[in-house]
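Structural overview for review
As a plain string of letters, each chain reads:
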Amino acid sequence: MTFSQRHLLGIEHLAPAEITAILDLADDYAALNRRADKHGDALRGLTQINMFFENSTRTQASFELAGKRLGADVMNMSMQTSSVKKGETLIDTAMTLNAMHPDLLVVRHPSSGAVDLLAQKVNCAVLNAGDGRHEHPTQALLDALTIRRAKGRLHRLNVAICGDIAHSRVARSNILLLNRMESRIRLIGPPTLMPAGVADLGCEVYGDMAEGLKDVDVVMMLRLQKERMDGGFIPSEREYYHRYGLDAEKLALAKPDAIVMHPGPMNRGVEIDGTLADDINRSVIQDQVEMGVAVRMAAMDLLARNLRDRRAA
Amino acid sequence: MTLLFTNARLIDPEAGTDETGHLLVQDGVIAALATGGGAAAFLAAQGLKPEAVTIEDARGHCLAPGIVDIGVKVCEPGERHKESYRSAGLAAAAGGVTTMVTRPDTEPAIDTPEVLEFVRRRANEAAPVRVLPMAALTKGRAGREMTEIGFLMDAGAVAFTDCDHVVTDTKVLSRALTYARSLGALVIAHPQDPGLSAGAAATSGKFASLRGLPAVSPMAERMGLDRDIALIEMTGAKYHADQITTRRALPALARAKRNGLDITAGISIHHLTLNEFDVADYRTFFKVKPPLRAEEDRQGMIEAVAEGLIDVICSMHTPQDEESKRRPFEEAASGAVALETLLPAALRLYHAGHLTLPQLFRAMALNPAKRLGLPTGRLSVGAPADLVLFDADVPFVLDRAQLHSKSRNTPFDGARMQGRVLATLVAGKPVYRRP
């Protein structure tokens, strides 16, 4: 068994063979998901709890669907409206849930490291659905699967990640994964949205988008979070779009067969041109959503196998 | 009572010496000391008979002036469950700290003579070591109005500080500095640009970026120091920077000293012995303020202490209960307890060959005592017999459950350390003896 993790907390903890194992299984599930009968039974009898301390529609729906297709009992807890508001600490919440014997816990939290902390306190398998600015491993895995299906490989590709790198957990997980799979990463964005010391992580940093996009195979756009506008990170949306928004003209600098990705939700006209986002010849944004369900099915299946092995032992 | 230490490694930070000899304590002060020679001859020279004195054979262990620790947080009034004068005092005694210079960042802040009076009474009743309280520089540490500096000095405040709150209004600070100067009061500040450091939990760089933590540039410390230096030049105030932790701040500090400004600087033991990578997987016991720095900064700070550019090493003892630490890193409280680990952690620098024992005690005892105008902190005839006897070499693994503090938020839990206090004396009286 190449996948030996107990939790999926971040790409940081995964070996290349483990990444490949998830992606291979996810390919199978992608096929299953296109069939009329979409049901598997890998998670039958298991309980999956989705705890989202931060708003999310897409990721939560994707995890829910993934669990249900594999036969798990899925419960969603919206933590913003629950006991957290009454002052309960994260650890108490975790202990309370743990007492209900869940098997899979899917957690999103606004603080970096919060999911690691929670994982130390529970017996079940924990999946990080995004913690602060730290990691969002299933997003990086679904991006990798999308790239691998479009390009046939993950190594020796030039991948540009563009936009608000500083506040993006998607960027961090993608940097770690693509580095591990031996692709070349370029980070493009205004210097105010570029984290310190990022060049030491094995990336090339570009302030100029035209220069950065030259000859890339993959263009990965990031969402510009509206709240960053108040922080004074950029002067205005229109200047940002002019300099860092992706349009046909800028994309022409990339390789002719370069694909365009976006983790969603998109701000059309802020970081990406609407027509381009819908261009089925270039944009793989819908494929990313599709692969998201498959990758989450694969990740939960593999974790559940390890969970059962551990319990049997 | 007359007490003679024989066969002790006398660590004299004033003379910069580390030699074996004898030290005589009489009436709470150091009555005589000598290096080399026999104990009998030494006693005879003092005109004393061996049966008239209690003789303690130090068996080659170190005898040094007791530590004077500037910046200890005792959580009275307000949060006695985190640390009381009793528990802090016991921790200090067990750590070789004979004088705790306490912080006013309590709840409420120590900003009136009445609160200070309460604190002094509590301290005298409960703590076995000397306690010298500091008071807030501005009311409620809010940075708007200066406190009654004169009354507070009369009530026993030895220095004035808003602790980690930076007085952002330069007009308020310049007036407070001017007023403090007229009374000869020492002002202690936290050099930091509050705009840059707002919300930061780590030092910006590769580590913070990987961990996705909000971070502050090390430049924020230099900016805070530069501003303060300009104000000292303007007002002539007596100033101490609580913690200088980055290389970039050092040239400004050196220049200010060269220019004859009345400025000194300190650093916490954590910034000398740990770096940002120690946070690892979000270990909140390593969250301190300012955040731990890069390794090259740590190295630079050790050099600065060796050269004497940084004057004082302190514990920056900050008790936090389990609840405030068992949280996601960004939300967790800052600070670490260190009264009991200050000496063994400092000895890491000695064992690594970075600093000599006299250099360490210059920064932990002599310099802070001099800065506060105290007669302690030295091994000289006539000085109060505030002493620490320690074995510099004995190895042990720190178990935080054994600490005397009510809060046990130490980053050294489970760490291998070397060196332990055997006995602590205040005014010649033992306040701690290792069981």
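Remember, predicted model here, so these are calculated numbers, not experimental data. (Residues numbered from 1 in each chain as written. Chains lettered and ligands numbered in written order. Predicted model: local features only at pLDDT ≥ 70, side-chain atom pairs only at ≥ 80, totals over all residues. Heavy atoms only, no water.)

A word on the packing of aromatic side chains
Within this structure, the stated rule accounts for three aromatic pairs over all chains. Arranged with centres 5.8 Å apart and planes meeting at 40°, the rings of tyrosine 240 of chain A and tyrosine 244 of chain A form a pair that is tilted. Remark: tyrosine 244 of chain A and tyrosine 240 of chain A occur in helix α9 (residues 237–244); sequence separation between them is four residues, near one turn of the helix. The buried category is assigned to tyrosine 244 of chain A, whose relative accessible area is 5%. Aromatic pair phenylalanine 361 of chain B and phenylalanine 390 of chain B: ring centres 5.6 Å apart, planes at 25°, arrangement stacked. Of the two residues, phenylalanine 361 of chain B is situated in helix α14 (residues 357–371) and phenylalanine 390 of chain B in strand β16 (residues 387–397); the sequence distance between them amounts to 29 residues. Each member of the pair, phenylalanine 361 of chain B as well as phenylalanine 390 of chain B, is classed as buried. The cationic tip of arginine 211 of chain B hangs over the ring face of tyrosine 282 of chain B; the distance from NZ or CZ to the ring centre is 5.7 Å. Sitting over the ring of phenylalanine 329 of chain B, lysine 287 of chain B keeps its end group 5.6 Å from the ring centre. (Phe/Tyr/Trp six-rings, centres within 6.5 Å; stacked < 30°, edge-to-face > 60°. Helix = DSSP H or I, 4+ residues; strand = E, 2+ residues; numbered from the N terminus. Buried < 20%, exposed > 50% of the residue type's maximum accessible area, 1.4 Å probe, protein only. Lys NZ or Arg CZ within 6 Å of the ring centre and 35° of its normal.)

Some remarks on the pattern of salt bridges
In the structure shown here, the tally under the stated rule is 36 salt bridges over all chains. For aspartate 386 of chain B, the salt bridge goes to arginine 130 of chain B, with nearest N and O atoms at 2.6 Å. With aspartate 386 of chain B in the loop between α14 and β16 and arginine 130 of chain B in strand β8 (residues 130–133), this pair connects stretches of sequence that are 256 residues apart. Since its relative accessible area comes to 2%, aspartate 386 of chain B is described here as buried. By relative accessible area, arginine 130 of chain B is classed as partly exposed at 31%. Between arginine 293 of chain B and glutamate 221 of chain B there is a salt bridge, and its shortest N-O distance comes to 3.4 Å. Separated by 72 residues along the polypeptide, arginine 293 of chain B in the loop between α10 (269–273) and α11 (295–307) and glutamate 221 of chain B in helix α8 (residues 219–235) bring together distant segments of the chain. Note on arginine 293 of chain B: relative accessible area 3%, which makes it buried. A single salt-bridge network, built from bridges that share partners, covers Asp24, Asp27, Arg148 and Arg149 of chain A. (Salt bridge = Lys/Arg side-chain N within 4 Å of Asp/Glu carboxyl O.)

Some remarks on helix α6 (residues 169–180) of chain A
Since one α-helical turn is 3.6 residues long, residues separated by three or four positions face the same way. All names here are of chain A. The first and last C-alpha atoms of α6 sit 17 Å apart over twelve residues, in line with the 16 Å expected at 1.5 Å per residue. Burial within α6 is extensive, with ten of its twelve residues counted as buried. Of the positions making up α6, those classed as buried are Arg169, Val170, Ala171, Arg172, Ser173, Asn174, Ile175, Leu176, Leu177 and Leu178. Capping of α6 at its N-terminal end is provided by serine 168; its side-chain oxygen lies 3.2 Å from the backbone amide nitrogen of valine 170. A positive phi of about 70° marks glutamate 182, the residue just after α6. (Expected span 1.5 Å × (residues − 1). Polar contact = N/O pair within 3.5 Å; in protein donor to acceptor, adjacent residues only side chain to side chain.)

Quick notes on the nonpolar core
If you look at the biggest cluster of nonpolar residues, it comprises 107 residues, and the most contacted ones within it are Met100, Leu225, Ile313, Leu360, Phe361 and Phe390 of chain B. Of the domains in this structure, domain 1 (2–63 + 385–393 + 419–433) and domain 2 (65–371) of chain B are the two that each give at least three residues to this core. Ignoring anything within four residues of it in the chain, the contact list for leucine 360 of chain B reads Ile313, Ala346, Leu347, Leu349, Tyr350 and Leu355 of chain B. Core analysis: the second largest hydrophobic core is formed by 67 residues, Ala30, Leu157, Ala171 and Met194 of chain A among them. (Core = buried A, V, L, I, M, F, W, Y, C linked by side-chain atoms within 4.5 Å. Domains from an automatic or database assignment. Contact = heavy atoms within 4.5 Å.)

Description of the environment of phenylalanine 277 of chain B
Tracing the sequence through the fold places phenylalanine 277 of chain B in the loop between α10 and α11. Distance in space between the C-alpha atoms of phenylalanine 277 of chain B and phenylalanine 207 of chain B is 6.8 Å, their sequence separation being 70 residues.

Quick notes on α14 of chain B
Residues and elements named next belong to chain B. A rise of 1.5 Å per residue sets the reference length of α14, with its 15 residues, at 21 Å; its end C-alpha atoms lie 20 Å apart and thus fit the reference within 8%. In the structure, α14 departs most strongly from a straight axis at alanine 363, where the bend amounts to approximately 40°. Counted residue by residue, α14 has 13 buried out of 15 residues, so it is predominantly covered. (Bend = angle between axes of the 7 residues up to and from the residue.)

A word on the interface of chain A and chain B
Residue-level contacts link 22 residues of chain A with 17 residues of chain B. Both faces combined, the contact of chain A with chain B buries some 1,600 Å², and carbon together with sulfur accounts for 55% of it. Here chain A and chain B share one salt bridge between them. Residue arginine 211 of chain B is joined to glutamate 12 of chain A by a salt bridge in which the shortest nitrogen-to-oxygen separation is 3.2 Å. Secondary structure elements with two or more residues in the side of chain A that touches chain B: α3 (90–98), α4 (114–119) and α6 of chain A. At three residues, α4 of chain A tops the list of elements feeding residues into the side of chain A that touches chain B. Tallied by class, the residues present in the side of chain A that touches chain B amount to nine nonpolar, seven polar and six charged. (Buried area = accessible area lost by both parts, 1.4 Å probe. Nonpolar A, V, L, I, M, F, W, Y, C, P; charged D, E, K, R; others polar.)

Re the UniProt feature "binding site: L-aspartate" (unreviewed entry) in chain A
Residue and element names in this part refer to chain A. UniProt annotation of "binding site: L-aspartate" (unreviewed entry) refers to Lys86, Arg169 and Arg223 when read in the numbering used here. The class of arginine 169 is buried, set by a relative accessible area of 11%. The residues contacting arginine 169, other than those within four sequence positions of it, are Glu54, Arg108, His109, Gly130, Asp131, Gly132, Arg133, His134, Glu135 and His136. By the secondary structure assignment, arginine 223 is in the loop between β8 (218–221) and α8 (227–230). The exposure class of arginine 223 is partly exposed, given its relative accessible area of 27%. Once residues within four sequence positions are removed from consideration, arginine 223 is found in contact with Asp164, His262, Pro265, Asn267 and Glu271. Here proline 265 takes part through its backbone oxygen, which lies 3.2 Å from a polar atom of the side chain of arginine 223. (UniProt positions renumbered as here; feature names shortened; annotations may be inferred.)

A look at the sheet that holds strand β2 (residues 73–78) of chain A
Hydrogen bonds between backbone atoms are what pair the strands of a sheet, whose relative direction is either parallel or antiparallel. Residues and elements named next belong to chain A. Strand order across the open sheet formed by four strands is β2-β1-β3-β4, with parallel pairing between neighbours. Pairing within the sheet leaves two strands with one partner each, and these edge strands are β2 and β4 (125–131). Put simply, the sheet's adjacent strands are angled 15° from each other on average, direction ignored. Where strand β1 (residues 47–52) meets strand β3 (residues 104–109), five bridges bridge the pair, whose relative direction is parallel. (Pairing = 2+ DSSP bridges. Axes fitted to C-alpha atoms, helices over the stretch in contact; angles between N-to-C directions.)

Notes on the UniProt feature "domain: Amidohydrolase" (unreviewed entry) in chain B
UniProt's entry tags residues 354–432 of chain B with the feature "domain: Amidohydrolase" (unreviewed entry), counted in the numbering of this structure. Between the first and last C-alpha atoms of residues 354–432 of chain B the distance is 29 Å; the span itself is 19% helix and 33% strand.

Topic: the side chain of arginine 282 of chain A
Residue and element names in this part refer to chain A. Looking at the secondary structure, you find arginine 282 in the loop between α11 (274–278) and α12 (285–312). Lacking a salt bridge, the buried arginine 282 has aspartate 279 as its closest oppositely charged neighbour, with an N-O distance of 5.8 Å. In this structure the side chain of arginine 282 is engaged in a polar contact, spanning 3.4 Å, whose partner is the backbone oxygen of proline 256. Among the polar contacts listed, one links the side chain of arginine 282 to the backbone oxygen of alanine 258, at a separation of 2.9 Å. Setting aside chain neighbours within four positions, we find arginine 282 in contact with Leu251, Lys255, Pro256, Asp257, Ala258, Ile259 and Val260. (Lys, Arg positive; Asp, Glu negative; His and termini not counted.)

Remarks on the sheet that holds strand β13 (residues 238–241) of chain B
Residue and element names in this part refer to chain B. Spatial ordering of the open sheet is given by β9-β10-β13-β14-β15, a layout of five strands whose pairing is parallel. Each edge of the open sheet is held by one strand with a lone partner, namely β9 (160–161) and β15 (312–314). Bridging between β9 and strand β10 (residues 186–189) involves two bridges; their strand directions are parallel. By the bridge assignment, threonine 161 is partnered in β10 with isoleucine 188.

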